[in-house]
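Chain by chain, the residues run as shown.
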Amino acid sequence: LNVPGNKSIISYFNEVVSRQGNHVALVMNDLTMTYETLRNYVDAIAHMLLSNGVGNGQRVALFTERSFEMIAAMLATVKVGASYIPIDIDFPILEDAKVTAVMSYGVEIETTLPVIQLENAKGFVESKENEQYDDLHGNQLENTAMLDNEMYAIYTSGTTGMPKGVAIRQRNLLNLVHAWSTEL
């Protein structure tokens, strides 16, 4: 299958935000987040990634508990052209994964790599929503994600007991979603 229009995941996301910005995008327990607020979080985290030297073709460890921030971090990583690797708290594989930085939320991690605390994104988002967002963080970032960019990598235990990384590209995920939406 070919992805219609060869658009990136972030392009599709931005289209949904422009059409349904005030609609609920995420639900967790009794909390909700709109598409517009989610995009604000994505932009804030994308700026945090860029300011920590993360960019196109690099990998970032995602060391978080389940949260809205986790979803925003995934999208922000893809937006800056990097990829994320979900890290199991009980089995960190930072060295083998060759990550540039670590994003964390709700968990502590000790590493020599730059650590991006996703809790800090809330302040950026609140100031933007209150129209006190400075120019550095207020500009919408250009989408640098390409369909053939690695989107994320997952590690499996492998038959040897040593973890093995498997990279998933944007095109792969979009082809799967397109196939499901047209075939099912």
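Residues numbered from 1 in each chain as written. Predicted model: local features only at pLDDT ≥ 70, side-chain atom pairs only at ≥ 80, totals over all residues. Heavy atoms only, no water.

(A) Molecular detail of the pattern of salt bridges. Counting across every chain of the model gives three salt bridges. Note that Glu-36 and Arg-39 form a salt bridge whose closest N and O atoms lie 3.0 Å from each other. In this pair, Glu-36 and Arg-39 both sit in helix H2 (residues 35–51), three residues apart, roughly one turn of the helix. For Arg-39, a relative accessible area of 14% puts it in the buried group. In this structure, Arg-59 engages Glu-150 in a salt bridge whose closest nitrogen and oxygen atoms are separated by 2.8 Å. With Arg-59 in strand S3 (residues 59–64) and Glu-150 in strand S7 (residues 150–156), this pair connects stretches of sequence that are 91 residues apart. (Salt bridge = Lys/Arg side-chain N within 4 Å of Asp/Glu carboxyl O. Helix = DSSP H or I, 4+ residues; strand = E, 2+ residues; numbered from the N terminus. Buried < 20%, exposed > 50% of the residue type's maximum accessible area, 1.4 Å probe, protein only.)

(B) Inspection of the environment of Gly-165 at higher detail. The residue Gly-165 is located in strand S8 (residues 164–169) in this model. Excluding residues within four positions of it along the chain, Gly-165 makes contact with Ile-154 and Tyr-155. (Contact = heavy atoms within 4.5 Å.)

(C) Structural context of the confidence of the model for the chain. When pLDDT is averaged along the chain, the result is 79; 77% of the residues meet or exceed 70. Here residues 130–139 is modelled with pLDDT under 50, and outside its nearest four sequence neighbours on either side it reaches twelve contacts, counting other chains as well. (pLDDT = per-residue confidence, 0-100.)

(D) Summary view of the packing of aromatic side chains. Enumeration over the complete set of coordinates arrives at one aromatic pair. Taken together, a centroid distance of 5.4 Å and an interplanar angle of 15° make the contact between Tyr-84 and Tyr-152 stacked. You can see Tyr-84 sitting in strand S4 (residues 83–86) and its partner Tyr-152 sitting in strand S7, a full 68 residues away along the chain. On the accessibility criterion, Tyr-84 (7% relative accessible area) is buried. (Phe/Tyr/Trp six-rings, centres within 6.5 Å; stacked < 30°, edge-to-face > 60°.)

(E) A look at helix H1 (residues 9–20). With twelve residues, H1 extends 16 Å from end C-alpha to end C-alpha; this agrees with the ideal 16 Å at 1.5 Å per step. Along H1, the positions that sit buried rather than exposed are Ile-9, Ile-10, Phe-13 and Val-17. The arc that holds every buried residue of H1, seen down its axis, measures 90°, which confines them to one face. Along H1, exposed side chains directed more than 90 degrees from the buried face belong to Ser-18 and Arg-19. (Expected span 1.5 Å × (residues − 1). Arc of directions from axis to C-beta.)

(F) Molecular detail of the environment of Val-78. Looking at the secondary structure, you find Val-78 in helix H3 (residues 68–79). Given a relative accessible area of 3%, Val-78 falls into the buried group. Sequence separation of Val-78 and Arg-59 is 19 residues, and the distance between their C-alpha atoms is 10.0 Å.

(G) Expanded view of the pairing of S4. As judged from the four bridges shared by S3 and S4, these two strands associate in the parallel manner. Paired with Val-60 across the two strands is Tyr-84, which belongs to S4. (Pairing = 2+ DSSP bridges.)

(H) Here's a closer look at unusual backbone geometry. Notably, Asn-29 is not glycine yet its phi reads approximately 55°, a positive angle. Residue Asn-29 is classed as exposed on the basis of its relative accessible area, which comes to 73%.

(I) How the structure looks around a negative patch on the surface. On the surface, Glu-65, Glu-108, Glu-110 and Glu-119 cluster together to form a negatively charged patch. For Glu-108, the location among the structural elements is in the loop between strand S5 (101–105) and strand S6 (115–117). On the basis of relative accessibility, which here comes to 74%, the residue Glu-108 falls in the exposed class. (Patch = residues over 30% accessible without salt bridge, like charges linked within 9 Å, V, L, I, M, F, W, Y side chains within 5 Å. Areas by Shrake-Rupley, 256 points an atom, 1.4 Å probe, with all protein chains shown as cover. Lys, Arg positive; Asp, Glu negative; His and termini not counted. Charge placed at Lys NZ, Arg CZ, Asp CG, Glu CD.)

(J) Fine view of the side chain of Glu-150. With relative accessibility at 16%, the residue Glu-150 sits in the buried group. Polar contacts involving the side chain of Glu-150 include one to the side chain of Arg-59, which spans 2.8 Å. Polar contacts involving the side chain of Glu-150 include one to the side chain of Ser-83, which spans 2.7 Å. In contact with Glu-150, other than residues within four places in its own chain, are Arg-59, Ala-82, Ser-83, Ala-167, Ile-168 and Arg-169. (Polar contact = N/O pair within 3.5 Å; in protein donor to acceptor, adjacent residues only side chain to side chain.)

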